[in-house]
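Architecture at a glance
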Amino acid sequence: MDSTLFIIGIIGNIISVLVFISPIKTFWRIVRSRSTEEFEPAPYVLTLLNALLWLYYGLTKPDGLLVATVNGFGAVMEAIYVVLFIVYAADHATRVKTAKLAAALDIGGFGVVFAATTFAISELDLRIMVIGMICACLNVLMYGSPLAAMKTVITTKSVEFMPFFLSFFLFLNGGVWATYAVLDRDIFLGIPNGIGFVLGSIQLIVYAIYMNSKASQSSKETTDPLLSSNAGYGQGEASSNV
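Note that the structure is a prediction, hence the values are computed from the model and not measured. (Residues numbered from 1 in each chain as written. Predicted model: local features only at pLDDT ≥ 70, side-chain atom pairs only at ≥ 80, totals over all residues. Heavy atoms only, no water.)

**Remarks on helix α5 (residues 92–119)**
This is how it is decided: The way it works is that DSSP assigns letters per residue, a run of H or I at least four long becomes a helix, a run of E at least two long becomes a strand, and they are numbered from the N terminus. Helices are assigned an expected span. That span is 1.5 Å times one less than the residue count. Throughout, the bend at a residue refers to the angle made by two axes, fitted to the seven residues ending there and to the seven starting there. The rule is simple: take the accessible area with a 1.4 Å probe, protein chains only, and divide by the maximum for that residue type; under 20% is buried, over 50% is exposed, in between is partly exposed. Any N or O atom pair separated by 3.5 Å or less is treated as a polar contact, with the protein-specific requirement of one donor-capable and one acceptor-capable atom, and with residues adjacent in sequence counted only for side-chain atom pairs.
Over its 28 residues, α5 runs 38 Å from end to end, which matches the ideal 40 Å to within 8%, given 1.5 Å per residue. For α5, the principal kink sits at Gly108 and spans about 25°. Of the residues making up α5, those classed as buried are Thr94, Thr98, Ala102, Asp106, Phe110, Val113 and Thr117. N-cap assignment for α5: the residue whose side-chain oxygen lies 3.2 Å from the backbone N of Ala93 is Asp91.

**Comments concerning the UniProt feature "transmembrane region" (unreviewed entry) in the protein chain**
How we decide: UniProt positions are given in the numbering used here, feature names are shortened, and annotations may be inferred rather than shown by experiment.
Under the local residue numbering, the UniProt record ascribes the feature "transmembrane region" (unreviewed entry) to residues 6–30, 42–59, 65–89, 101–122, 128–149, 161–183 and 189–210. In residues 101–122, the share of helix is 86% and the share of strand is 0%. The end C-alpha atoms are 30 Å apart.

**Structural notes on the pattern of salt bridges**
The following threshold applies: Only one rule defines a salt bridge in this text: a Lys or Arg side-chain nitrogen within 4 Å of an Asp or Glu carboxyl oxygen.
A complete count under the given rule lists four salt bridges for this structure. The shortest N-O distance in the salt bridge between Glu37 and Arg29 comes to 2.6 Å. One salt bridge in this structure joins Lys61 and Asp186, with 2.5 Å as the shortest N-O distance. With Lys61 in the loop between α3 (42–60) and α4 (65–87) and Asp186 in the loop between α8 (164–184) and α9 (187–210), the pair connects residues that are 125 residues apart, well separated along the chain. When its relative accessible area of 5% is taken as the criterion, Asp186 is described as buried. Here the salt bridges share partners, and the residues they tie into one network are Lys61, Asp184 and Asp186.

Spelled out as structure tokens, the structure:
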């Protein structure tokens, strides 16, 4: 692997790890209160599926070690989040919903992709292409998830539900991995992370416009800091995966 490509990949790994661990405060709150409160399980279940698929892509593709390692770490972290969500679910219905969602997507969905591409496609290049297309499509959908949060910011004129550091690290993550993809000539990495970089830029612009608004200042004074810093993640988590 080219040294420049390797260095950019390492930087991308570091940024991705920071995004993967960003919900730790949220789950520390959940463990302390022994309840998931109003947080939604879907973002964590979907991000676990995304990490598993990119891990598979990285292991299948030659020289995909950096993609595999960061998503292996991400898969472990997201699996922990999902387990904690099941253990500390606010009620039985939430526990059942989370378990069914994880079983259907993270076990069933990933299992179908793995089995179909492993046993039905013998040619390595074609297998890489199919896995890459699936990963790219899912990543584009997940990078677009913060659009709901941006709509809320514009409507309420408050950045309460758009955590700055999460938006900033997602912006960096998209930019670094898009650069990596260009150098590696990997279209499946390039398209979703290029879109992520653009959406991250828009998020930061929206944040800059409304950060000093009266509504934002008021929310800082009246909202629990922990809830404020993590609410956006629970509403619509953008994928940190490469």
